[in-house]
There are 2 protein chains.
Amino acid sequence: MERASASAPASIGNVAVGFDVLGQAFDAARDHVTAVREEAPGVRLGSVSGLVDRLPDSPRTNTALAAGEAVLQAAGNPFGVRLSIHKGVPLSAGMGGSAASAVAGAAAVNALLERPFAVADLLPFALEGERVASDPPHWDNVMASLLGGLVLAAAVEPPLVTRLPVPAGIVSILLHPSVETETKAARALLKTEVPMALVVEHSRRIAAFAAGCASGDMALVRAGLEDVLIEPQRAHLLPPLLQVKKAAMEAGALGCSFSGSGPSVFAWAMEGEAAKVEDAMSWAFMEAGLAARAYRASVHSEGARVEKVSETV
Amino acid sequence: MERASASAPASIGNVAVGFDVLGQAFDAARDHVTAVREEAPGVRLGSVSGLVDRLPDSPRTNTALAAGEAVLQAAGNPFGVRLSIHKGVPLSAGMGGSAASAVAGAAAVNALLERPFAVADLLPFALEGERVASDPPHWDNVMASLLGGLVLAAAVEPPLVTRLPVPAGIVSILLHPSVETETKAARALLKTEVPMALVVEHSRRIAAFAAGCASGDMALVRAGLEDVLIEPQRAHLLPPLLQVKKAAMEAGALGCSFSGSGPSVFAWAMEGEAAKVEDAMSWAFMEAGLAARAYRASVHSEGARVEKVSETV
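Since we're looking at a predicted model, the values are computed, not measured. (Residues numbered from 1 in each chain as written. Chains lettered and ligands numbered in written order. Predicted model: local features only at pLDDT ≥ 70, side-chain atom pairs only at ≥ 80, totals over all residues. Heavy atoms only, no water.)

Another point: the overall build of chain A. What chain A contains, in helices and strands, is 10 helices and 12 strands. Taken over the C-alpha trace, chain A has a radius of gyration of 19 Å; the compact-globule value for 313 residues is 20 Å, and the two agree within 12%. Once the C-alpha set of chain A is aligned to its principal axes, its extents read approximately 60 × 40 × 40 Å. Looking at chain A residue by residue over its 313 residues, the buried ones come to 59%. (Helix = DSSP H or I, 4+ residues; strand = E, 2+ residues; numbered from the N terminus. Rg over C-alpha atoms; globule rule 2.2 N^0.38 Å. Buried < 20%, exposed > 50% of the residue type's maximum accessible area, 1.4 Å probe, protein only.)

Following this line, the structure appears as structure tokens:
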């Protein structure tokens, strides 16, 4: 193949209760990467479009290029590629923008290979891409953007990354306020020790959430979709968070918290209440004097997808 | 009604990965309590039989009597009762012996009421019984003995206690070695702070276990059924534990750890491998010079059960 396009969705890291172990695809926005095969070895940046018109142009600094390079290397560097990137997922939003590019880059290059890897096997290459943005790379956004839906990192060594069943009719709402938080700073402020009583409270919630999603028990989903571990330590980074959350819950949300380390805030709601929840969250941000862009997508969502493959450029 | 008998099964606290939030009924042994209605108010001890021939005779010191008293009080003390107890579940074994008596006591007295409580609503009364053995009472054994199967305490205030789906064909093996450990001592030695990295490792396992049980994904069950939080802190209390565990895993167990705070050790295995796992665990105890009694029961199991109700004594 000479030319292949792939896309990958935004994602919500942690999904409130799953710090560093859960992620979900959020198919309200996607990054698209087109890979063109070239004689010269290595990975180069082609055009950049969409939300940005400039991106770093080296595999050392660009997650899509780094992921593409990792795929090529694993295949024995049979050729070189030029990657053009269309950014649909905002960066620094807590929406997994760097992961979406890494996943789309890996998937596009993979589609050029004579014997491509299975999509799930692209995880280590996409993680190499994400490493450019965050070292060590966090799995949550990458695995969710790759596999779609709600994804659990059940084991790391060897990896066991599994898409979990989720009841039908659940929608994610995400509000991206016009402020920035730094993932590294948000992580650095976390306490390194957790009281045992809090570990137990966190355990019961993640067990309830995982079992509730898998068995369709909405009372368990609702009881579990709450972050008692991390959110209390980070809430001050986004002063309106608690009002936005209160508004979401009063409007019928199943749960509400930071997307990843923020600044975006997401909620889960049943389909019929999603518009009301979105409105309530938007109003709460507005009342706090913050503009926020709203997105909405079903929790049932596709991960990485090869869009088009052709034998000629 | 004048006379009612009820029974409740043994139970496995924590189920390895679910410290203080998961419990499972273990229907290889049951306690039976017979309640006889009497004019004189209050709760008295009748005969004692089975594994013991003597038990404390006051609601201050006997879990069945205390639970029966709590049920009567909630019903407005319409009459008094005499409770005869047949112990099938060993005490101080880590098999939920005190909880089984409390649950059976509550269920037997409840069956005498003109308008009995629903079985699930007996939880607070059974917990009052368990409080005699352990204050504050731990929920895991009580809720499992009451509801049967694998039970999650998803929330405490207000309580949300849910029996989780479990794949068919899973068997629990339990070995009760001839040593004693003290629940209070086993709890006192636990660290009060947990490193965040360990919290994440624990989270991924309990999420995998809960989702795996609910969705029938045995790879998740296997990845999740491991206690990285508590077992390492308690393993020294039972020196052969690690050999017994190794033997169980090599024989095909899905997981193996302390039952509650020990000294009993349990494993999960698929039906076809349960005998092999039991043998391997027995041999490992024997090689360590400890006699151990083996029990086996399906994870699918009944909780509290009213055995017989009659209008005459």
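Here the narrative resumes, following the displayed structure.
Quoted interface sizes are often the accessible area lost when the parts come together. Residue and element names in this part refer to chain A. Taken domain by domain, chain A holds domain 1 (3-165) and domain 2 (170-298). Spacing between the C-alpha centres of domain 1 and domain 2 amounts to 25 Å. Listed as interface residues are 24 residues of domain 1 and, on the opposing side, 31 residues of domain 2. When the two sides are added together, the surface that domain 1 and domain 2 hide from each other amounts to roughly 2,300 Å², 67% of it contributed by carbon and sulfur. (Domains from an automatic or database assignment. Contact = heavy atoms within 4.5 Å. Buried area = accessible area lost by both parts, 1.4 Å probe.)

Next up on the list: the environment of Ala223(A). Examined against the element boundaries, Ala223(A) turns out to sit in helix α7 (residues 218-224). Relative accessible area serves as the criterion here: at 19%, Ala223(A) is assigned to the buried category. With 11 residues separating them in the primary sequence, Ala223(A) and Gly212(A) have C-alpha atoms 9.0 Å apart. Setting aside residues up to four positions removed in sequence, Ala223(A) forms contacts with Arg205(A) and Leu160(B).

Time to look at the packing of aromatic side chains. Residue and element names in this part refer to chain A. Under the defined criterion, the tally for this structure stands at six aromatic pairs over all chains. With a centroid separation of 5.0 Å and an interplanar angle of 55°, the aromatic rings of Phe 117 and Phe 125 are classed as tilted. Note on Phe 117: relative accessible area 27%, which makes it partly exposed. (Phe/Tyr/Trp six-rings, centres within 6.5 Å; stacked < 30°, edge-to-face > 60°.)

Attention now goes to the confidence of the model for chain A. Confidence along chain A averages 95 in pLDDT terms, with 99% of residues attaining 70 or more. Scoring of the predicted complex yields 0.96 for pTM and 0.95 for ipTM. (pLDDT = per-residue confidence, 0-100.)

We now examine the relation of the copies chain B and chain A. Structural alignment of chain B on chain A gives an RMSD of 0.0 Å, achieved by rotating through 180° and translating 0.0 Å along the axis. Here the copies are linked by what is in effect a two-fold axis. A shared binding surface is used by both copies, with 100% of the interface residues of chain B retained as interface residues in chain A. (Least-squares fit on C-alpha atoms with pLDDT ≥ 70 in both.)

Moving on, we come to helix α10 (residues 274-287) of chain A. Residues and elements named next belong to chain A. The terminal C-alpha atoms of α10 lie 20 Å apart, and with 14 residues this matches the ideal 20 Å at 1.5 Å per residue to within 8%. Among all positions in α10, only Ala 274, Val 277, Glu 278, Ala 280, Met 281, Ser 282, Ala 284 and Phe 285 are buried. Elements that come into contact with the buried residues of α10 comprise β7 (170-177), α9 (241-250), β9 (255-258), β10 (265-270) and β11 (292-298). Gly 289 lies just past α10 and shows a positive phi near 80°. (Expected span 1.5 Å × (residues − 1).)

Moving on, we get to the side chain of Arg205(B). All names here are of chain B. Locating Arg 205 in the fold gives a position in helix α6 (residues 196-215). The class of Arg 205 is buried, set by a relative accessible area of 15%. When sequence neighbours within four positions are dropped, the list of residues in contact with Arg 205 reads Val 17, Ala 223, Gly 224, Glu 226 and Val 228.

This next bit is on the pairing of strand β2 (residues 22-38) of chain B. All names here are of chain B. A large share of β2 lies buried, amounting to 12 of its 17 residues. Relative to β2, strand β1 (residues 3-13) runs antiparallel, the two sharing 11 bridges. If you follow Ser 5 over to β2, its bridge partner there is Thr 34. Alignment of β2 against strand β5 (residues 150-156), held across three bridges, turns out to be antiparallel. Paired with Leu 22 across the strands is Leu 152, a residue of β5. In the sheet, β2 pairs with strand β4 (residues 80-87) via seven bridges, with the strands oriented antiparallel. Counted as the bridge partner of Glu 38 is Gly 80 from β4. (Pairing = 2+ DSSP bridges.)

Another aspect to go through is the interface of chain B and chain A. Taken together, the 37 residues of chain B in the interface contact 37 residues of chain A. Of the roughly 2,900 Å² buried where chain B meets chain A, counting both sides, 75% is carbon and sulfur surface. When the buried surface of chain B facing chain A is broken down by residue, Glu193(B), Met196(B) and Arg204(B) rank first, second and third, together holding 21% of it. Put simply, chain B and chain A have zero salt bridges between them. Seen at the junction of chain B and chain A, the total is seven residue pairs in polar contact (both at pLDDT 80 or more). If you list the elements that add at least two residues to the side of chain B that touches chain A, you get β5, β6 (159-164), β8 (193-195), α6 and α7 (218-224) of chain B. For the side of chain B that touches chain A, the residue count by class is 26 nonpolar, six polar and five charged. Pairing between strand β8 (residues 193-195) of chain A and β8(B): three bridges, direction antiparallel. Across the sheet, residue Val194(A) finds its bridge partner in β8(B), namely Val194(B). (Salt bridge = Lys/Arg side-chain N within 4 Å of Asp/Glu carboxyl O. Polar contact = N/O pair within 3.5 Å; in protein donor to acceptor, adjacent residues only side chain to side chain. Nonpolar A, V, L, I, M, F, W, Y, C, P; charged D, E, K, R; others polar.)

Right, let's get into the state of the cysteines. Taken as a whole and judged by the stated rule, the model has zero disulfides over all chains. Counting only cysteine sulfurs, Cys213(A) is the nearest neighbor of Cys213(B), a cysteine outside any disulfide, at a range of 15 Å. Classification of Cys213(B) as buried rests on a relative accessible area of 1%. (Disulfide = S-S within 2.5 Å.)

It is worth spelling out the packing of helix α3 (residues 123-131) of chain A against helix α4 (residues 139-147) of chain A at this point. Two quantities define a packed helix pair, namely the angle between the axes and the distance from one axis to the other. All names here are of chain A. Contact geometry of α3 with α4 gives a least axis separation of 10 Å together with a crossing angle of 130°. In this view, α3 runs oblique relative to α4, as classed from their interaxial angle. The element α3 and its partner α4 pack so that their crossing is right-handed. Within the contact between the two elements, α3 uses Leu 123, Ala 126, Leu 127 and Glu 130 and α4 uses Trp 139, Val 142, Met 143 and Leu 146. Residue composition of the contact of α3 with α4, by class: seven nonpolar, no polar and one charged. (Axes fitted to C-alpha atoms, helices over the stretch in contact; angles between N-to-C directions. Parallel < 35°, antiparallel > 145°, perpendicular 65-115°, else oblique. Left-handed = near helix turned anticlockwise from the far one by under 90°.)

Right, let's talk about the environment of Val33(B) for a bit. Turning to its location among the elements, Val33(B) is positioned in strand β2. Once the C-alpha coordinates of Val33(B) and His86(B) are considered, the two residues, 53 residues apart in sequence, prove to be 6.2 Å apart.

Bringing the sheet that holds strand β11 (residues 292-298) of chain B into the picture now. Residues and elements named next belong to chain B. Strand order across the open sheet formed by four strands is β9-β10-β7-β11, with antiparallel pairing between neighbours. For this open sheet the edge positions go to β9 (255-258) and β11, each flanked by a neighbour on one side alone. With strand direction ignored, the average angle separating the axes of adjacent strands in the sheet is 20°. With seven bridges joining them, strand β7 (residues 170-177) and β11 adopt antiparallel strand pairing. Pairing of Ile 173 across the sheet is with Arg 296, part of β11. Those strands touched by helix α10 (residues 274-287) are β7, β9, β10 (265-270) and β11, and its axis lies near 15° from that of β7.

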